[in-house]
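Letter by letter, the chains look like this.
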Amino acid sequence: QVQLVESGGGLVQTGGSLRLSCAASGSIFSINTMDWYRQAPGKQRELVATITRGGTTNYADSVKGRFTISRDNAKNTVYLQMNSLKPEDTAIYYCKADIATTVRTTWIPYWGQGTQVTVSA
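Described below are features of the structure shown in this document. The structure displayed is predicted, hence computed values, not measured ones.

This paragraph deals with the nonpolar core. Considering soluble globular proteins, one finds that nonpolar side chains tend to be buried as a cluster. Core analysis: the biggest nonpolar cluster contains 30 residues, and W36, L80, M82 and Y93 have the highest contact counts within it. Of all elements in the fold, only strand 1 (2-7), strand 3 (18-26), strand 4 (30-39), strand 5 (46-51), strand 7 (67-72), strand 8 (77-82), strand 9 (91-100) and strand 11 (115-120) reach the threshold of two or more residues within this core. In terms of residue count, the dominant contributor to this core is strand 9 (5 residues).

Pasting the structure below:
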């Protein structure tokens, strides 16, 4: 079994910062791409940032220059540093990781349970 557990969400004022973490555990052979998504009330889930195993990153236009994704491969953990937060960043943030559980298996996407981020005006 594989689990992804997020932490670091909370309530912050406009302009503030938060750092989200997502740790993968369980029967893991290797992890490929890791991503952060978010879903605001009444909206579809959207991709916020992605990072490959080699460290290549990509961001949604709405967060470029404010958010930074990083990972620690030794700890099977991905981070999202969020600066200059705005009320429109309010959402549940989910991490996703493409994980192979054995040398013979293909990459399978696993999701965390989500962590709430609320930015007050």
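What follows deals with the state of the cysteines. Simply put, the disulfide is a covalent bond whose two ends are the sulfur atoms of two cysteines. By the definition in use, this model includes 1 disulfide. A disulfide bridge connects C22 with C95, and the sulfur atoms are separated by 1.9 Å. Measuring handedness by torsion sign, the sulfur bridge of C22 and C95 sits at about 45 degrees and is right-handed. Here C22 is found in strand 3, whereas its partner C95 is found in strand 9, with 73 residues between them in sequence.

Phi angles above zero are rare outside glycine, and N76 is one such case at about 55 degrees. On the secondary structure map, N76 appears in the loop between strand 7 and strand 8. Positive phi is not limited to glycine here, since S84 has a value of about 50 degrees. For S84, the position within the fold is in the loop between strand 8 and strand 9.

Turning our attention to the side chain of K96. Note that K96 resides in strand 9. Side chain to side chain, K96 and D98 meet in a polar contact 3.2 Å long. When near neighbours in sequence (up to four residues on either side) are disregarded, K96 contacts L4, T33, M34, D35, Y37, P109, Y110 and W111.

One can find E6 in strand 1. One buried charged residue, E6, remains without a salt bridge, the closest side chain of opposite sign being R45 at 7.7 Å. A polar atom in the side chain of E6 sits 2.7 Å from the backbone nitrogen of C95. Only 2.6 Å separates the side chain of E6 from the backbone nitrogen of G114, close enough to count as a polar contact.

Owing to a relative accessible area of 1%, C22 belongs among the buried residues under this scheme. Distance from C22 to S84, taken between C-alpha atoms, is 21 Å for residues 62 residues apart in sequence. Excluding anything up to four places from it in sequence, C22 contacts L4, V5, E6, W36, N76, T77, V78 and C95.

Burial along strand 7 is one-sided: F67, I69 and R71 are buried, while T68, S70 and D72, pointing the other way, are not. In the sheet, strand 7 pairs with strand 8 via 6 bridges, with the strands oriented antiparallel. In the sheet register, S70 faces strand 8, and the bridge partner there is Y79. With antiparallel pairing between neighbouring strands as the criterion, strand 7 and strand 8 make up a hairpin whose turn holds 4 residues, including N76 at a positive phi of roughly 55 degrees.

Reading the values: the criteria
- Residues numbered from 1 in each chain as written.
- Predicted model: local features only at pLDDT ≥ 70, side-chain atom pairs only at ≥ 80, totals over all residues.
- Heavy atoms only, no water.
- Core = buried A, V, L, I, M, F, W, Y, C linked by side-chain atoms within 4.5 Å.
- Buried < 20%, exposed > 50% of the residue type's maximum accessible area, 1.4 Å probe, protein only.
- Helix = DSSP H or I, 4+ residues; strand = E, 2+ residues; numbered from the N terminus.
- Disulfide = S-S within 2.5 Å.
- Polar contact = N/O pair within 3.5 Å; in protein donor to acceptor, adjacent residues only side chain to side chain.
- Contact = heavy atoms within 4.5 Å.
- Lys, Arg positive; Asp, Glu negative; His and termini not counted.
- Salt bridge = Lys/Arg side-chain N within 4 Å of Asp/Glu carboxyl O.
- Pairing = 2+ DSSP bridges.

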